[in-house]
Amino acid sequence: MPPVVTEQLNSLWAQTLAALPSIVIAASVLVLTWLVAKGAGVISRKIIGQTELRGSLRHLFQKTVKLIIWIIGLMIAAVVVFPDFTPASLIAGLGIGTVAIGFAFKDIFENFFAGIMIMMREKMQLGDVVEVDGILGTVEYISLRETHIRAFSGELNIMPNAMLFQSPVEIWTDNPKRRLEVDIGVS
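Residues numbered from 1 in each chain as written. Predicted model: local features only at pLDDT ≥ 70, side-chain atom pairs only at ≥ 80, totals over all residues. Heavy atoms only, no water.

K.L.:
So what's going on with the overall build of the protein chain? Which residues, and what values?
P.N.:
When helices and strands are counted, the protein chain shows 5 helices and 5 strands. Expected size for 187 residues packed as a compact globule is a radius of gyration near 16 Å; at 27 Å, the protein chain overshoots this value by more than 25%. Overall, the protein chain is about 115 × 35 × 30 Å in size when its C-alpha atoms are taken along their principal axes. Considering the protein chain as a whole, with its 187 residues, one finds that 22% of them fall into the buried category. Nonlocal contacts in the protein chain, meaning residues at least 24 apart in sequence, comprise 51% of its contacts between residues at least 6 apart. For the protein chain, the exposed surface amounts to about 13500 Å²; the carbon and sulfur share of it is 68%. The centroid of the 15 positive side-chain charges in the protein chain is displaced by 9 Å from the centroid of its 16 negative side-chain charges. (Helix = DSSP H or I, 4+ residues; strand = E, 2+ residues; numbered from the N terminus. Rg over C-alpha atoms; globule rule 2.2 N^0.38 Å. Buried < 20%, exposed > 50% of the residue type's maximum accessible area, 1.4 Å probe, protein only. Contact = heavy atoms within 4.5 Å. Areas by Shrake-Rupley, 256 points an atom, 1.4 Å probe, with all protein chains shown as cover. Lys, Arg positive; Asp, Glu negative; His and termini not counted. Charge placed at Lys NZ, Arg CZ, Asp CG, Glu CD.)

K.L.:
Let's hear about the confidence of the model for the protein chain: which residues, and what values?
P.N.:
Taken as a whole, the protein chain shows an average pLDDT of 82; of its residues, 91% reach a score of 70 or greater. Highest mean pLDDT in the protein chain belongs to strand β4 (residues 156–160) (91); lowest belongs to helix α3 (residues 87–104) (72). (pLDDT = per-residue confidence, 0-100.)

K.L.:
Please set out the environment of Glu146 residue by residue, giving values where relevant.
P.N.:
One can find Glu146 in strand β3 (residues 146–151). Along the primary structure Glu146 and Ala14 are separated by 132 residues, whereas in three dimensions their C-alpha atoms are 51 Å apart. Leaving out residues up to four positions away in the same chain, Glu146 has contacts with Tyr141, Ile158, Met159, Pro160 and Asn161. There is a polar contact of 3.4 Å between the side chain of Glu146 and the side chain of Arg145. A distance of 3.1 Å separates a polar atom in the side chain of Glu146 from a polar atom in the side chain of His148. (Polar contact = N/O pair within 3.5 Å; in protein donor to acceptor, adjacent residues only side chain to side chain.)

K.L.:
Before we move on, could you go through the packing of helix α1 (residues 3–49) against helix α2 (residues 55–81) and cite the residues and values that matter?
P.N.:
Contact pair α1 / α2: the axes reach a minimum separation of 9 Å and the direction vectors enclose 165 degrees. In this view, α1 runs roughly antiparallel relative to α2, as classed from their interaxial angle. Both α1 and α2 take part in a crossing whose hand is right-handed. Among the residues forming the contact of α1 with α2, the class breakdown is 19 nonpolar, 7 polar and 3 charged. (Axes fitted to C-alpha atoms, helices over the stretch in contact; angles between N-to-C directions. Parallel < 35°, antiparallel > 145°, perpendicular 65-115°, else oblique. Left-handed = near helix turned anticlockwise from the far one by under 90°. Nonpolar A, V, L, I, M, F, W, Y, C, P; charged D, E, K, R; others polar.)

K.L.:
Help me get a handle on the side chain of Ser44, residues and values and all.
P.N.:
Along the polypeptide, Ser44 turns up in helix α1. For Ser44, the side chain forms a polar contact with the main-chain oxygen of Gly41, separated by 3.1 Å. Dropping the residues within four chain positions of it, Ser44 is found in contact with Gly49 and Gln62.

K.L.:
Before we move on, could you go through the pairing of strand β1 (residues 129–132) and cite the residues and values that matter?
P.N.:
Bridge count between β1 and strand β2 (residues 135–142): 4 bridges; the pairing is antiparallel. Looking across to β2, one finds that Val129 is bridged to Thr138. Between the end of β1 and the start of β2, which pair antiparallel, lie 2 residues, with Asp133 showing a positive phi angle near 50 degrees. In this sheet, strand β5 (residues 169–171) lies alongside β1 in antiparallel orientation, the contact comprising 3 bridges. Its bridge partner being in β5, Glu131 is matched across the sheet by Glu170. (Pairing = 2+ DSSP bridges.)

Shown next, in the form of structure tokens:
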């Protein structure tokens, strides 16, 4: 093996050994983050479970708590491995890439925020009979991205939440008391 290659391999090995303690600490931080996120999920489930929020909205809050903990844990692990890394440098580095990502994921973000608004609106519930864009059926599932509506003929329509949020939606079962007036007479 040429001496230059041997020298490079030895240098790489020395750098790896020097970075090993930082990598082990960062891995420990990630394991601790996983444990804290799991515990926070259990605690938030107990706290939010006592409220009268929809199940899907409860799930959103639990996921948000876990996501925030994971972001903090990943930032700490990144600072341990790369000491020059700071959250400010990450934000500064995003720059124009954020605009490109925003345009690329416009529909996903639109459906996500429409899903949050639909869940918070509390008008449309699971089991409601709705009609939107000529589709009449029963709401089976509401997620952050889409809503599942089962037509009376049996097919499942998966509607993007942005469509439900922007289009007129008729909720046929919104009135709990329905009356049918029939005139009965004797002739």
